[in-house]
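# Architecture at a glance
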Amino acid sequence: MRAIVADSFGSAEVLNLQDIAKPQPGVGEVLVKVSAAGVNPIDIQTRRGDYSDYVTGPYQLGVELSGVIEALGEGVDNFEIGDEVFYSERVLDNEGGYAEYHTEKAELLARKPAKLSFEEAAAMPIAASTAWVCLVERGRIQAGDLVLVLGGSGGVGLFALQIARLSGASAVTTSSSDAAGLVTANGADTAIDYRADDAWDSLKEAYQGGFDIILDLVGGDSIERSLPLLAPGGRMVSIVDQDTPQNLMAGWDFNAEIHLVFLQPSAERLTRLAALAEEGLLTANIEASLPLEDAAKAHQMIEAGGRSGKIVLTMNQDQT
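A separate point is the packing of helix 3 (residues 125–138) against helix 8 (residues 267–278). Put simply, helix 3 and helix 8 touch, their axes get as near as 10 Å, and they point 100° apart. Here helix 3 lies roughly perpendicular to helix 8, going by the angle between them. Packed against helix 3, whose contacting residues are P125, A128, S129, W132, V133 and E137, the element helix 8 presents R269, L270, R272, L273 and L276 at the interface. Class assignment of the residues belonging to the contact of helix 3 with helix 8 gives a composition of 7 nonpolar, 1 polar and 3 charged.

Moving on: empty space enclosed by the protein. For the coordinates displayed, the defined rule picks out 1 cavity of 30 Å³ or more. Approximately 30 Å³ is the volume found for the largest cavity. As for the largest cavity, its lining consists of G155, L158, F159, T283, A284, N285 and K310. Class assignment for the residues of the lining of the largest cavity results in 3 nonpolar, 3 polar and 1 charged.

With that settled, consider the pattern of salt bridges. Summed over all chains, the structure comprises 15 salt bridges. For R90, the salt bridge goes to E104, with nearest N and O atoms at 2.7 Å. Placement of the pair is R90 in the loop between strand 6 (84–88) and strand 7 (101–105) and E104 in strand 7, with a sequence separation of 14 residues. Like R90, the residue E104 is buried in the burial classification. Across the salt bridge formed by R235 and D145, the nearest N and O atoms sit 3.7 Å from each other. Note that R235 is positioned in strand 13 (residues 230–238) and D145 in the loop between helix 3 and strand 9 (146–150), a separation of 90 residues in sequence. Taking relative accessible area as the criterion, R235 reaches 9% and is therefore assigned buried.

Conventions and cut-offs
Residues numbered from 1 in each chain as written. Predicted model: local features only at pLDDT ≥ 70, side-chain atom pairs only at ≥ 80, totals over all residues. Heavy atoms only, no water. Axes fitted to C-alpha atoms, helices over the stretch in contact; angles between N-to-C directions. Helix = DSSP H or I, 4+ residues; strand = E, 2+ residues; numbered from the N terminus. Parallel < 35°, antiparallel > 145°, perpendicular 65-115°, else oblique. Contact = heavy atoms within 4.5 Å. Nonpolar A, V, L, I, M, F, W, Y, C, P; charged D, E, K, R; others polar. 1 Å grid on protein atoms, 1.4 Å probe; cavity = no way out; pocket = protein on both sides within 12 Å on 5 of 7 lines; lining within 4 Å. Points joined across faces, edges and corners; volume = space filled by probe spheres on them. Salt bridge = Lys/Arg side-chain N within 4 Å of Asp/Glu carboxyl O. Buried < 20%, exposed > 50% of the residue type's maximum accessible area, 1.4 Å probe, protein only.

Take a look at the structure:
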């Protein structure tokens, strides 16, 4: 089968299209004929060597995908051959979605929403699940809450804005001015240009009552700069690696909670998100759909920043 394989860490050029052996499902696993795979920042981090303590070469990338079940391992009785599925893989343990076939534990799979294309379904497992965990499970979002999403025009951000709207909350986001229409269409009540010199001062002045939830999708010193913007008892949630010490003293003024989120896959959560997508209440925003052999280009696009949705790779296989 064709797959993207890297023999070393480094720039996007280390990603190579190779022919490798087709995997076979073990006990409790299924073999999925992949239709599309989402491209995520964690793929770039892994390729750079950020997780070299856990990943050794040669290695494969890709943590979310959609496709059709082709074979069942022993003991799998909740799926049938031909079922359309989507899922997030065991991160840093069973990656390999950038390939024509992938095996995974059946307990992690969910049925693909019929309303979604394979590309749209592949864009959901990581981004939509992460947004759900951050706002619903950790942020305990409620109707009437005021939410600030830092970096709302990327994959996770656009789902977060939709979830905030579904929850009856009001959402403010930072994004480029070019993405203002996109974030507004996905649920932002207000969009602030993050490149403006007075962006942080404008947020503090305009929302003096503070935000109930702040979701950090950009990193850097965002936690330190965001804590003074919280409402009393507010929740600060970040999905970005924090590799630089930050001053958290302002959090004590608000009895703040700080949540650092690393997604764990859940079929139950995906099934809930699939139901929302089936009803047209949750939409995947695809910025670009590229063939498998353009994986390096997809990585370069993400590293360039300024995203407006998800990038997916397609396998160009006929689904049967």
